[in-house]
Amino acid sequence: MSTADAKARRSQLLSTYGIGGLFPSETSSFMIVGLDFWNEDRAPVISEPRLARSLGVKELKSPPAGGRKDVPVVRFPQTQICPGCRRIGSAADLGGDWNASQCKCKEGRAGVALSPFRLITACTRGHINEFPFYNWLHAGHATTPGDKHYMKMVSLGRTSSLDDLVLECSCDVPRRSLDGASQGHAMKGILSCKGLRPWLGADHAEVCDETPRVLQRGASNVWFPAVRSAISIPPYSEALAKFVNKHWVSLEDPATVNDALMAKIAKDSRGRFTVAQIAAEVERRRGEQNGDAIGEEQLRQQEFGALIDGRDATRDESDFVCEKTVVDGDFDGDVPSIITDLRKVTRLREVRALYGFSRLTGSTDADTLCTLSGEPKYWLPAIEVIGEGIFLAMDRQALSDWAGDKFAQKRRHSLQKAANRQAEAFKRPPITVDIAKVALHTFAHVLIDQLSLDAGYPASALRERLFVDEEMAGILVYTASSDSAGSLGGVASQADPEQFAKAISEGLTRLSWCSSDPVCIESTASGTDALNLAACHACVLAPETSCELNNTLLDRALLFGTHEEDEEDAGLFSEFLARA
């Protein structure tokens with residue numbers, strides 16, 4: 001994607017500058033528009049039928065690249081400010097043209113570029129609009145109809161806070177700073193939400209009764225992507241499935257398939273696949289497409305089963321190689337008894353698809369999730385990355401028994417109260433806290449921290465994938481990155497039983513203490529919306545790119561116990577550490 005000299009990687013269009021998000025470009029600011037305007041013909045198809053089916057679409061496609069208008073943008077915000085004369089207005093007001101980049105003032109003629117206004121407004125339903133600078137200054141003051149208002153924003157030069165930015169007008173209304181504009185109800189009585197969705201076009205406004213919030217243009221809560229990912233597993237990762245996918249346009253419709261076509265396609269495989277094999281794969285895929293939709297839970301269950309079953313390396317071009325290292329707890333080294341299986345994942349392929357976005361809260365509820373196109377599309381943007389990793393499974397019954405103890409339930413009750421308060425504040429159903437998942441999640445962060453030391457990867461290049469429900473308990477820590485920290489084999493090598501035992505012992509011992517203890521371990525609430533207990537940046541918080549749950553639902557005390565007399569040995573790994 002490009003705008004003049006501005007460029008972004010394909011992966012950024014799903015994670016940082018996606019549809020409806022703001023893209024900074026030198027002194028300008030743009031918004032990525034919806035799929036209706038993308039150059040679909042230049043978008044390569046990414047095959048991952050499981051993920052496409054779970055999202056209710058026919059195909060996944062990589063964002064187009066290589067052309068200036070492959071992924072169009074619109075200017076947002078429209079409100080500009082001249083750094084020279086400090087006037088506020090649209091590009092047409094200040095520069096005389098809708099696409100002007102400089103003001104008509106003396107300083108503008110000297111080459112001073114216009115800058116986008118610092119503030120915007122948005123509501124929890126995803127609508128976004130300009131900051132009402134005129135209404136903010138003139139609120140409560142009578143104005144004479146027909147008067148022209150030339151407005152400026154002056155910086156007092158003391159600090160960079162909003163209190164230091166003052167609006168003034170050519171009329172006699174008193175000056176007013178922007179102090180207080182970011183408060184929750186600052187726009188009440190000044191601006192009502194107009195339901196604007198500029199990424200879809202000017203004619204896609206909705207009726208909305210919410211009071212918008214004022215945000216800094218570059219704030220992180222302006223755009224939260226809704227991304228779902230899937231690991232390619234057999235049979236989808238096998239050479240036959242990938243070969244059929246290349247010819248799926250010809251094979252999808254049974255009415256157009258005949259013996260001659262099948263023979264020609266089999267010949268294209270150069271002897272690798274027979275007509276019968278291709279026909280069987282085509283029927284399997286057609287049957288899946290006509291089946292019921294699958295959700296996130298089914299995706300994880302299928303992947304967990306594939307990781308447990310494993311798949312040895314062969315000559316076939318498989319995207320999934322998972323070697324069994326330890327089965328049924330048969331460890332030679334000193335490893336917690338709750339860990340039952342260990343796998344060396346030397347090759348995996350992950351596909352990540354963007355299916356919507358939200359603002360302010362990061363919620364993916366139906367009321368807050370914004371669509372990527374004006375009309376439903378048969379495809380969604382996605383990227384694929386290749387990596388490697390390490391997978392371990394735990395004894396689910398032993399984990400459930402521990403989770404039912406008084407100590408674990410006490411911690412669960414504290415987190416559930418915080419989740420209920422969060423839900424009440426945002427007027428949505430509360431999440432149900434699974435304390436076993438919180439413990440596994442925290443343990444995954446311990447693994448990420450330790451593997452970043454042993455495997456030679458930065459922690460931000462490692463990712464977690466949790467497999468937790470009533471039947472399964474497992475953790476996949478892997479690297480699937482499109483940058484220089486790609487697949488070097490360092491993580492998979494840690495699946496050697498002796499190496500793994502050493503890493504587990506060292507990681508648990510090191511993070512059983514935090515440099516912020518006893519404050520950290522005794523914390524009764526921390527993190528976003530108080531959804532963490534004993535967790536801080538000195539111990540188990542991980543880079544945002546590594547964590548599935550945005551660094552929430554973490555509690556180090558679940559692994560190690562607390563300093564209370566009756567809770568010192570109540571952690572999931574307390575007995576192991578005492579033995580070690």
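Details of the structure are given in the entry above.
Residues numbered from 1 in each chain as written. Predicted model: local features only at pLDDT ≥ 70, side-chain atom pairs only at ≥ 80, totals over all residues. Heavy atoms only, no water.

1. Some remarks on the overall build of the chain
Where we set the bar: In DSSP terms, a helix is any run of H or I states spanning at least four residues, a strand is any run of E spanning at least two, and both are numbered starting from the N terminus. Put simply, the radius of gyration uses C-alpha atoms, and a globule should come to 2.2 Å times the residue count raised to 0.38. Only protein chains enter the accessibility calculation, which uses a 1.4 Å probe; a residue whose area is less than 20% of its type maximum is buried, one above 50% is exposed, and one in between is partly exposed. In this description, contact between two residues means that some pair of their heavy atoms is separated by no more than 4.5 Å. Here, Shrake-Rupley sampling with a 1.4 Å probe gives the accessible areas, and only protein chains in the shown set may cover a residue. The charge count treats Lys and Arg as positive and Asp and Glu as negative. His and the chain ends do not count. Charge positions come from single atoms, namely NZ of Lys, CZ of Arg, CG of Asp or CD of Glu.
In terms of helices and strands, the chain carries 16 helices and 22 strands. Taking 25 Å as the expected radius of gyration for a compact globule of 580 residues, we find that the chain reaches 28 Å, a close match to that expectation. The burial tally for the chain puts 51% of its 580 residues in the buried class. Counting only contacts in the chain whose residues sit at least 6 apart along the sequence, the fraction spanning at least 24 positions is 67%. A total accessible area of about 27200 Å² is found for the chain, and carbon and sulfur atoms account for 48% of it. Measuring between centres, the 65 positive side-chain charges of the chain sit 9 Å from its 79 negative side-chain charges.

2. Some words on the sheet that holds strand β7 (residues 73-75)
The condition is simple: Any two strands are treated as partners once DSSP identifies two or more bridges connecting them. To define axes, lines are fitted to C-alpha atoms, for helices over the stretch in contact only, and angles between the resulting N-to-C directions are given on a 0 to 180 degree scale.
With respect to topology, three strands assemble into an open sheet ordered β3-β4-β7, the strand pairing being antiparallel. The open sheet has two edge strands with one neighbour each: β3 (22-25) and β7. Within this sheet the neighbouring strands show an average axis-to-axis angle of 40°, counted without direction. Pairing between β3 and strand β4 (residues 28-32): four bridges, direction antiparallel. The residue bridging Leu22 from the neighbouring strand is Met31, located in β4.

3. Some words on the pattern of salt bridges
Convention followed: Each salt bridge in this description consists of a side-chain nitrogen of Lys or Arg and a carboxyl oxygen of Asp or Glu lying within 4 Å of one another.
Scanning all chains against the criterion turns up 23 salt bridges. The salt bridge involving Glu206 is made with Arg197; its shortest N-O contact spans 3.3 Å. Note on Glu206: relative accessible area 29%, which makes it partly exposed. The exposure class assigned to Arg197 is buried, which follows from its relative accessible area of 16%. When the shortest N-O distance is used, the salt bridge between Asp341 and Arg343 registers 3.3 Å. The exposure class assigned to Asp341 is buried, which follows from its relative accessible area of 9%.

4. Notes on the nonpolar core
Put simply, the rule is: Here, nonpolar core refers to any group of buried Ala, Val, Leu, Ile, Met, Phe, Trp, Tyr and Cys residues whose side-chain atoms link them within 4.5 Å.
Counting 64 residues, the largest nonpolar core has Ile339, Leu392, Met394, Phe443, Ile475 and Phe500 as the members making the most contacts within it. For this core, the element with the most residues is helix α13 (residues 435-454), which contributes eleven residues. Setting aside chain neighbours within four positions, we find Ile339 in contact with Gly329, Phe331, Leu392, Ala393, Met394, Phe443 and Phe500. One finds Leu14, Leu22, Trp223 and Leu372 within the second-largest nonpolar core, a separate group that totals 41 residues.

5. Describing the sheet that holds strand β15 (residues 176-177)
If you trace the three strands from one edge of the open sheet to the other, you get β13-β14-β15, paired in antiparallel fashion. One side of each edge strand has no neighbouring strand; the edge strands of this open sheet are β13 (151-155) and β15. Pairing analysis gives five bridges linking β13 to strand β14 (residues 165-169), with the strands arranged antiparallel. Note that in β14 the partner of Lys152 across the bridge is Glu168.

6. Quick look at the environment of Val214
The residue Val214 is located in strand β16 (residues 213-216) in this model. For the pair Val214 and Cys123, spaced 91 residues apart in the sequence, the C-alpha separation amounts to 8.8 Å. Residues contacting Val214, with those up to four places away along its chain left out, are Leu119, Ile120, Thr121, Phe131, Ala181, Ser182 and Met187.

7. Some remarks on helix α12 (residues 406-426)
For an α-helix, 3.6 residues make a turn, and residues three or four places apart therefore share a direction. Definition in use: A helix is expected to span 1.5 Å multiplied by its residue count minus one.
With 21 residues, α12 ought to run about 30 Å at 1.5 Å a step, and its terminal C-alpha atoms sit 30 Å apart, in line with that. Those residues of α12 that are buried lie in contact with α11 (396-403), α13 and α15 (557-560). Within two residues after α12, Lys427 carries a phi angle of roughly 55°, on the positive side.

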